[in-house]
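Tertiary structure, described
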Amino acid sequence: MAENMENNPSEFIDEVEKFSGTNLNRKAELIRIYEESLKSGKEKNFEDLIFTAKYLRGLMRVLQKGSDNPEVQSLDKIKKDFSANLKKVVDQLEKITENSDEGLKNHFEENYFKMSQEGLINLNELLADLEWVKIYLNDQKRQKNN
């Protein structure tokens, strides 16, 4: 993981945002998720979360293009995989925030975990930010190895 990840979550997320070349959608929540994972020793859960988020975003792209692409034949299988991983990402977020204050838990429950249109839009924006964290860390790893 990046050097200053543990020292300053806000600084780390600022670096991710700068790397992405765009404004993160859910920066405050991203910082809180990362802070909570550090506070409760769940860094591995955070790593799993960003991996699942990146995977889910890839599945979304396949599903979006799949309906236009006759070569994508296993759309039903991809939809099942997507649903399973959507549940997994919610479980991972709940695990990271399980020891958080009630206000934070309620915030995620109301804004991200409800399977409403707004909840799914919010979750998708958060997933996009988490994907940027994974891409950033992969880039850092590559630079370190070169």
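Quick note: structure is the one above.
No experiment lies behind these values; they were computed from the predicted model shown.

**With respect to the environment of Asn124**
In this fold, Asn124 is placed in helix α6 (residues 117–145). Sequence separation between Asn124 and Asn99 is 25 residues, and the spatial gap between their C-alpha atoms is 24 Å.

**Details of the side chain of Asn85**
As for its placement among the helices and strands, Asn85 is situated in helix α4 (residues 75–97). Judged by its relative accessible area of 9%, Asn85 falls in the buried class. For Asn85, the residues in contact, after removing those within four places along its chain, are Thr52, Tyr55, Leu56 and Leu59.

**Focus: the pattern of salt bridges**
Tallied over the entire structure, the rule returns 15 salt bridges. Residue Lys27 pairs with Asp14 through a salt bridge whose shortest N-O separation is 2.6 Å. Residue Lys27 is located in helix α2 (residues 27–39), and its partner Asp14 is located in helix α1 (residues 9–20); the two are separated by 13 residues in the primary sequence. When its relative accessible area of 37% is taken as the criterion, Asp14 is described as partly exposed. Through salt bridges with shared partners, a single ionic network connects Arg32, Glu35, Glu36, Lys39 and Asp101.

Quick notes on the rules
- Residues numbered from 1 in each chain as written.
- Predicted model: local features only at pLDDT ≥ 70, side-chain atom pairs only at ≥ 80, totals over all residues.
- Heavy atoms only, no water.
- Helix = DSSP H or I, 4+ residues; strand = E, 2+ residues; numbered from the N terminus.
- Buried < 20%, exposed > 50% of the residue type's maximum accessible area, 1.4 Å probe, protein only.
- Contact = heavy atoms within 4.5 Å.
- Salt bridge = Lys/Arg side-chain N within 4 Å of Asp/Glu carboxyl O.

So, to be careful, I would describe these as geometric facts and stop short of saying anything about function.
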